[in-house]
Amino acid sequence: MSNMQKTLIALLGVAVIFFGFVAVRIGVKPAATVKASPIPAGEYDAAVWGKVYPLQYESYRKMAEVSPSPTGYGGSVNVQKSDMQPEIFTNFKGMPFSKDYTEDRGHVYAVEDLLHSKRIGPASKGACITCKTPYVEQFYKESGWGYANKPLGELLERSKHPVTCAQCHDSETMNLRVINPAFIEAQERRGIDLSKATREEMRTYVCAQCHSEYYFEPGTMRVVFPWDKGFKPEEMYAYYAEKPNNFLQDWEHPDSKAPMLKAQHPDYETFANGTHGKAGVSCADCHMPYMRKDGQKYTSHFITSPLKTLDASCSPCHSQGTEWLSERVKTIQDQTFLLQHTAGLNIAKAHEAIRKAGDTPNVNQAELAKARELVRKAQWMWDIVSAENSMGFHNTDQTMTTLGQANELAHQAIESANLAAGINVL
């Protein structure tokens, strides 16, 4: 063998060793996903789950941070919404939301904020705890919907933890699950079998089980989602118009005497009919994006505005850059708030006009009843947007249309009130 051949063989050997080393370096990577490890059934303490799933728990704990929204709307600072919308005092006069209507803080504060809410008192019922703690699973197993009519204070004493891992995960398999019986019943009425839902569908359903509109059934306090006619504002209003389960109203407005409805965070219904919902995007895709740390991929459990995690939440689908994305959200929310605030002020004027008409001798009762129905519907249309947490982003087209309807209905209510009182409206 010549010296040249020996040299080539030596060089080849070095190359094999070197490139073999590179191949090993490339091929051996840290685990890309988290391996499921069972947790004891009935374990609701997130810290216990965190010992097995530290990255998820670390991100979950970030919800304890209190900070304003990047756009000025929402956020986790426990401020009164009436600071920006003083019409709340008039529109919710005669019911607890006129006394206390704060921005929601993160899930870790769910029980604490309920406990300290001025809307809660000694007479409050257990139904109020349905979405605040995984202990609702035990309450329902023990007494079915009977828990909803028990004293809230009694259930709060037993609720040692707020919204935690067990609310959305099966402790043995880590599969996503729903424990809110109201959501399960509502989906059954729609012909949807949750046991056949895909994982991507469940990444929305676990959020929808609480971030949805509901009412309490008179007498039993059972929680009911008003979806039998659909998710759109006018479809839910038509459902309520039929007095389901003998439910007529949340309260009677003391000035206009109108039978009023109070919307409750209809995030899912709004999102489902929006651009992202129709495209098959899940809630978790944006609010719980995939992250990486030390080469390990995990789902963030810092459930917050996607504006705080723009790269992870939005950039996988949108290539316009974070500055452009942030500006688009801010523009949508600014425009939505302007229309929302205007509608709210006009509705407040409608309540006052109807009050004056009601005090007028020989008032036209038929026209007065029409004015009350108009202000009831106007406030529903306004509140279904105002109570929703995205300030128009989840479904911009529907939101703008709904607020336009709210404004028009408020003006019609004022006109009807003036006609009832015999005031020239020309």
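Residues numbered from 1 in each chain as written. Predicted model: local features only at pLDDT ≥ 70, side-chain atom pairs only at ≥ 80, totals over all residues. Heavy atoms only, no water.

### A short note on the overall build of the protein
We count it as follows: By definition, any uninterrupted DSSP run of H or I lasting at least four residues is a helix, any uninterrupted run of E lasting at least two residues is a strand, and each is numbered from the N terminus. A 1.4 Å probe rolled over the protein chains alone gives each residue an accessible area, and that area as a share of the maximum for its type sets the label: buried under 20%, exposed over 50%, partly exposed in between. Contacts are assigned to residue pairs with any non-hydrogen atoms lying within 4.5 Å of each other. Only four residue types enter the tally: Lys and Arg on the positive side, Asp and Glu on the negative side, with His and both chain ends excluded. Here the site of a charge means NZ on Lys, CZ on Arg, CG on Asp, or CD on Glu.
Across its full length, the protein carries 17 helices and 6 strands. The dimensions of the protein, computed from C-alpha atoms along their principal axes, are 120 × 50 × 40 Å. Counting every position in the protein, which comprises 426 residues, the buried fraction comes to 46%. Once local pairs closer than 6 in sequence are excluded, the contacts in the protein between residues at least 24 apart make up 68%. Each charge class in the protein can be summarised by its mean position, and for the 45 positive and 48 negative side chains these summaries are 4 Å apart.

### Description of the pattern of salt bridges
In plain terms, the rule: Any carboxyl oxygen of Asp or Glu that lies within 4 Å of a side-chain nitrogen of Lys or Arg is treated as forming a salt bridge with it.
Counted according to the given criterion, the structure contains 17 salt bridges. Notably, a salt bridge pairs E137 with R177, separated by 2.7 Å at the nearest N-O pair. In this pair, E137 is assigned in helix α6 (residues 136–143) and R177 in the loop between α7 (152–158) and α8 (181–189), connecting sequence segments 40 residues apart. On the basis of relative accessible area, E137 is assigned to the buried category, the value being 14%.

### A short note on the environment of D383
Structurally, the position occupied by D383 is in helix α16 (residues 365–386). Residue D383 is classed as buried on the basis of its relative accessible area of 0%. Each C-alpha atom, one on D383 and one on H265, is 9.3 Å from the other, the two residues being 118 residues apart in sequence. Look past the residues within four positions of D383 in its chain and what remains in contact with it is F92, Y101, L261, K262, A263 and E388.

### Examining helix α10 (residues 233–241)
Test applied: As used here, the arc is the angular range of directions from the helix axis to the C-beta atoms.
Looking at α10, one finds that the buried residues are P233, M236, Y237, Y239 and Y240. Down the axis of α10, the smallest arc covering the buried residues is 155°, so these residues share one side. On its buried face, α10 sits against β1 (215–216), β2 (223–224), α11 (267–272), α16 and α17 (396–421). Positioned one or two residues after α10, K243 has a phi angle of 50°, which is positive.

### A look at the nonpolar core
Using the following cut-off: We call a set of buried Ala, Val, Leu, Ile, Met, Phe, Trp, Tyr and Cys residues a nonpolar core when their side-chain atoms join them within 4.5 Å.
The biggest cluster of nonpolar side chains holds 88 residues, and the ones touching the most others in it are F92, I129, F183, Y205, W227 and W380. Of all the elements, α16 adds the most residues to this core, at 10 residues. In this structure, L307, L310, C314 and V329 belong to the second largest nonpolar core, which totals 5 residues.

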